[in-house]
Each structure stands twice: as structure tokens, then as C-alpha cells.
Amino acid sequence: MLRGLDRELAKQLRRSIKSMADPVWRDEMAQHASTRLEATALARTARVAVSNQNVTLKAAQVGRTLKGGFDPKTDYHAAEFGVAGNRVEKVNARSRRGKSYSYQRRALHAPLRARNSKGFVFYPSIAAIVPRIASLTVQTAIRTFHEQLEKGAGNG
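Engineer: Describe in detail the overall build of the protein, supporting the description with residues and values.
Structural biologist: When helices and strands are counted, the protein shows four helices and four strands. Written out in order from the N terminus, the α and β elements of the protein read α-α-β-β-α-β-β-α. Taken over C-alpha atoms, the radius of gyration comes to 23 Å for the protein, far larger than the 15 Å a tight globule of 156 residues would show. With respect to the three principal axes, the spread of C-alpha positions in the protein is 90 × 25 × 20 Å. Every one of the 156 residues in the protein was classed for burial, and the buried ones make up 31%. Nonlocal contacts in the protein, meaning residues at least 24 apart in sequence, comprise 57% of its contacts between residues at least 6 apart. Measuring between centres, the 28 positive side-chain charges of the protein sit 13 Å from its 12 negative side-chain charges.

Engineer: Explain the layout of surface pockets to me, using residue names and the numbers behind them.
Structural biologist: The volume enclosed by the largest pocket comes to roughly 280 Å³. In terms of lining, the largest pocket is formed by Arg36, Leu37, Thr40, Leu66, Lys67, Gly68, Gly69, Phe70, Pro111 and Leu112. Here the second largest pocket is characterised by a volume of approximately 190 Å³. What lines the second largest pocket is simply Leu42, Leu57, Lys58, Ala59, Ala60, Gln61, Lys73, Tyr76, Glu80, Phe81, Phe122 and Tyr123. Counting only elements with at least two residues in the lining of the second largest pocket, the list comes to strand S2 (55-58), helix H3 (72-81) and helix H4 (122-155).

Engineer: Before we move on, can you summarise the environment of aspartate 75 with the specific residues and values?
Structural biologist: Inspection of the secondary structure assignment puts aspartate 75 in helix H3. Here the alpha-carbon distance between aspartate 75 and alanine 41, two residues 34 residues apart in the chain, equals 9.0 Å. Non-local contacts of aspartate 75, meaning those with residues more than four positions away in its chain, are made with Gly69 and Phe70. A distance of 3.4 Å separates the side chain of aspartate 75 from the side chain of threonine 74, its partner in a polar contact.

Engineer: Can you explain the environment of valine 121? Please cite residues and give values.
Structural biologist: For valine 121, the position within the fold is in the loop between strand S4 (100-107) and H4. For the pair valine 121 and glycine 63, spaced 58 residues apart in the sequence, the C-alpha separation amounts to 18 Å. Setting aside anything within four residues of it in sequence, one finds valine 121 in contact with Met29, His32, Ala33, Glu38, Leu42 and Glu80.

Criteria and cut-off values
- Residues numbered from 1 in each chain as written.
- Predicted model: local features only at pLDDT ≥ 70, side-chain atom pairs only at ≥ 80, totals over all residues.
- Heavy atoms only, no water.
- Helix = DSSP H or I, 4+ residues; strand = E, 2+ residues; numbered from the N terminus.
- Rg over C-alpha atoms; globule rule 2.2 N^0.38 Å.
- Buried < 20%, exposed > 50% of the residue type's maximum accessible area, 1.4 Å probe, protein only.
- Contact = heavy atoms within 4.5 Å.
- Lys, Arg positive; Asp, Glu negative; His and termini not counted.
- Charge placed at Lys NZ, Arg CZ, Asp CG, Glu CD.
- 1 Å grid on protein atoms, 1.4 Å probe; cavity = no way out; pocket = protein on both sides within 12 Å on 5 of 7 lines; lining within 4 Å.
- Points joined across faces, edges and corners; volume = space filled by probe spheres on them.
- Polar contact = N/O pair within 3.5 Å; in protein donor to acceptor, adjacent residues only side chain to side chain.

Okay, here's the thing in C-alpha cells:
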């Protein structure tokens, strides 16, 4: 995208694209997040990275493990795509008298939604935002080039 440009102009363009795209991306993610887990794990960690080649929209790559043990960096798929219903898990327990035994129970996934292969937050946000980000990038590039040309014409 910016390969043949002057280094300072490319730096200025990257900085302005990021400053304009980042709040738009965060707002879009926040609009699609409907549960507290989605808001914490996905929407609050939304970031935009701009390089010379592309604009990258990210989520769930920063932050630490949440209180209940949910780590957004590794468990983001459960918040984004949901889980496949209740599953049976084996539980080891000990009686009051000290005897060990095991039994099976259904694990409830209360904070997680039911499975959806199209996603709940990130993918709908991407579908809504990509045309806006592309338009914003082109407008910013044209405006930056125009300002640079005016500076060059004024000096010469």
C-alpha cells in the first residue's frame, strides 16, 4: 500500500489511519458485544495495527486471565462462537469420612452462548466495518497526499 512513498509521509499516513480507524473499530466491537464476557474478552481488547501493506483488526490478543480462569488469548473462540451445549464431565470427590469416589455430571456453560459458526462479536463487526475502514483509508491517503503536495508547492 505505501511501499514507494517517502518514509516520513508513510509514517504520517500510518499514524493518521490508525488514529481514525481505532475508535471506529472499538465502537463497532462494543455494539456487537451483548454479554459481559464478550465485552471484557473481545470488545475491550480490540486494536488496530497499520503497516505499509495493510490494516489489521485485532481482538483478544492483549490482557490477562479473567477472574474465573477465562484467558481471552487462548479461549477467545468460546466467547466468539459459543459452546456446544452442556457436556458430561467426570468429577472426583471425597466423602465426609474420607472415601474417594467419582461421578459424572453435566457441566453448565452459563456465561457462554450456544454454538454459532458465524460468530457473535468479531465476525459481524468485521462485516460491518471493512467497507468503512477501506473508505477511511483511501480518504486519509488522498488527504495526506494533497496536504503534502500543498506543502511542497508552497515551499518551491
